[in-house]
Amino acid sequence: MQVGKPSRRRIGIDLGGTKVEGVVLDADDRPTSRYRMATESERGYEHILGRVEIIVDMCRREAPECVAIGIGTPGAVCRDGTMKNCNTTCLNDRLLPQDLTERLGMTVQVENDANCFALAEAVAGAGRGAGLVFGVILGTGVGGGIVHRGELLPGPQHLAGEWGHHSIDPLGPACYCGQRGCVERFLAGPAVEEQYRERSGQAADMPAIVAAYRAGEPAATAVVEQFLDRFGRAVANLIDILDPDVIVLGGGLSNIDELYTLGRDAVAGYVFNNELRTPLRRNLLGDSAGVIGAALLL
Ligand SMILES: [Zn+2]
């Protein structure tokens, strides 16, 4: 149970580009039921609101006393209440929290999905019991969130944890954000696949590249060794600033075992200390972290 919060049931919604998921948590933050359906985001903004409403209705049938919901989604809410940086682009510039509040007749809190991941893992997952937790997302993008003693720290500009756009090479590849050599341009799945394609002349997805690396294939070896080295550099930068009690890895690439051995050794080589004590843990909640974190916003 989250420190300092009353024990009660909560509803969380994960609004992704491909699916909308809802969960009801019991008073001990355990999921008692979950519902999901396709977002069908290609059908537009009003349709997406309708999909969220259906899922919320299902959850409320089970927990009618809930008068507020938390929603996790890519991007963030600007100061004027509009959305920005969503890869479900029809949400951008829309007043999502306000429109959902009116449609559902409930209080709605919208939060970035990487922050929801970090909150869930800090409160109910691999970071449980730790003071300062940095949740890292390594997937099709690179993001993160910071949780201190069970409370999310989004920061006054809602930027905290966005380490994916630290530049670690000003001469590196261009990023959509306008910089060059962002962490995301080196560590996200599509970026590694691009590096492999350039080096080998062949297309392969991340699991195939890792399998080829383990088999000793030269192009995959070069690409994965560079990936682990850059992971070490980028995570050491985080640790030098925050010195978190625990770092929890999530997203599709967090399943790569070498991150916790060779990747960790690389971090130790770059961190500004003669030892590395920071635990680097695999997430415990898997795909459910986002929706559980959304419920924990309340
Ligand atoms: Zn960038």
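Residues numbered from 1 in each chain as written. Predicted model: local features only at pLDDT ≥ 70, side-chain atom pairs only at ≥ 80, totals over all residues. Heavy atoms only, no water.

1. Side note on the sheet that holds strand β8 (residues 132–138)
Turning to step 1, where the next piece is worked out: Strands sit in the order β10-β9-β8-β11-β12 across an open sheet of five strands; the sheet is mixed. The open sheet has two edge strands, β10 (151–152) and β12 (280–282), and neither has a second partner.
Turning to step 2, where the next piece is worked out: Summarising the sheet, β8 and strand β11 (residues 246–250) pair through five bridges and their orientation is parallel. Each residue of the ladder has a partner; that of phenylalanine 134, found in β11, is isoleucine 247.
Turning to step 3, where the next piece is worked out: Contacts from helix α7 (residues 218–242) reach β8, β9 (142–148), β11 and β12, with the element oriented near 155° to β8. (Pairing = 2+ DSSP bridges. Helix = DSSP H or I, 4+ residues; strand = E, 2+ residues; numbered from the N terminus. Contact = heavy atoms within 4.5 Å. Axes fitted to C-alpha atoms, helices over the stretch in contact; angles between N-to-C directions.)

2. Brief notes about helix α3 (residues 113–124)
Turning to step 1, where the next piece is worked out: With twelve residues, α3 should cover 16 Å at 1.5 Å per step; its first-to-last C-alpha distance of 16 Å lies within 8% of that length.
Turning to step 2, where the next piece is worked out: Most of α3 sits inside the fold, with ten of its twelve residues counted as buried.
Turning to step 3, where the next piece is worked out: Ala114, Asn115, Cys116, Phe117, Ala118, Leu119, Ala120, Glu121, Ala122 and Val123 are the residues of α3 that are buried.
Turning to step 4, where the next piece is worked out: Measuring from the side-chain oxygen of the N-cap residue of α3 to the backbone nitrogen of alanine 114 gives 2.9 Å; that N-cap residue is asparagine 112. (Expected span 1.5 Å × (residues − 1). Buried < 20%, exposed > 50% of the residue type's maximum accessible area, 1.4 Å probe, protein only. Polar contact = N/O pair within 3.5 Å; in protein donor to acceptor, adjacent residues only side chain to side chain.)

3. A look at the environment of aspartate 240
Turning to step 1, where the next piece is worked out: Looking at the element boundaries, aspartate 240 is found in helix α7.
Turning to step 2, where the next piece is worked out: Looking at aspartate 240, the relative accessible area reads 41%, which means it is partly exposed.
Turning to step 3, where the next piece is worked out: When residues no more than four places from it in sequence are discounted, the contact partners of aspartate 240 are Tyr270, Val271 and Phe272.

4. What about helix α8 (residues 262–270)?
Turning to step 1, where the next piece is worked out: Buried residues of α8: Gly263, Ala266 and Val267, and no others. Axial view of α8: buried residues confined to an arc of 100°, hence all on one face. Of the exposed residues in α8, the ones pointing more than 90 degrees away from its buried face are Asp265 and Gly269.
Turning to step 2, where the next piece is worked out: As for α8, its buried residues are in contact with α7. (Arc of directions from axis to C-beta.)

5. Focus: the coordination of the zinc ion
Turning to step 1, where the next piece is worked out: Protein coordination at the zinc ion comes from His165 (ND1), Cys175 (SG), Cys177 (SG) and Cys182 (SG), with a distance range of 2.0 to 2.3 Å.
Turning to step 2, where the next piece is worked out: Spacing between the donor residues of the zinc ion along their common chain follows H-x9-C-x1-C-x4-C. Pair noted here: histidine 165 is in the loop between β10 and α4 (183–187) and cysteine 177 is in the loop between β10 and α4, with a separation of twelve residues, a long-range link. (Donors = N, O, S within 2.8 Å, 3.2 Å for Na, K, Ca; no water.)

6. Some thoughts on the pairing of β9
Turning to step 1, where the next piece is worked out: Across the seven residues that make up β9, a large majority, six, are buried.
Turning to step 2, where the next piece is worked out: By the bridge criterion, two bridges tie β9 to β10 in an arrangement that is antiparallel. Each bridged residue has a counterpart across the sheet, and for histidine 148 the counterpart in β10 is glutamate 151.

7. What about the pattern of salt bridges?
Side chains that differ in charge, positive against negative, can pair when their charged atoms come close.
Turning to step 1, where the next piece is worked out: Tallied over the entire structure, the rule returns 16 salt bridges.
Turning to step 2, where the next piece is worked out: Across the salt bridge formed by arginine 51 and glutamate 40, the nearest N and O atoms sit 3.6 Å from each other. You can see arginine 51 sitting in helix α1 (residues 45–62) and its partner glutamate 40 sitting in the loop between β3 (31–38) and α1, a full eleven residues away along the chain.
Turning to step 3, where the next piece is worked out: Judged by its relative accessible area of 15%, arginine 51 is buried.
Turning to step 4, where the next piece is worked out: The partner of arginine 103 in a salt bridge is glutamate 53, and the shortest N-O contact between them spans 2.8 Å. Remark: glutamate 53 occurs in helix α1 and arginine 103 occurs in helix α2 (residues 96–104); sequence separation between them is 50 residues.
Turning to step 5, where the next piece is worked out: Taking the relative accessible area as the measure of exposure, arginine 103 reaches 34% and is therefore partly exposed.
Turning to step 6, where the next piece is worked out: Among the residues examined, glutamate 53 registers a relative accessible area of 24% and is labelled partly exposed.
Turning to step 7, where the next piece is worked out: Members of the salt-bridge network, linked through shared partners, are Asp14, Lys19, Glu21, Arg34 and Arg36. (Salt bridge = Lys/Arg side-chain N within 4 Å of Asp/Glu carboxyl O.)

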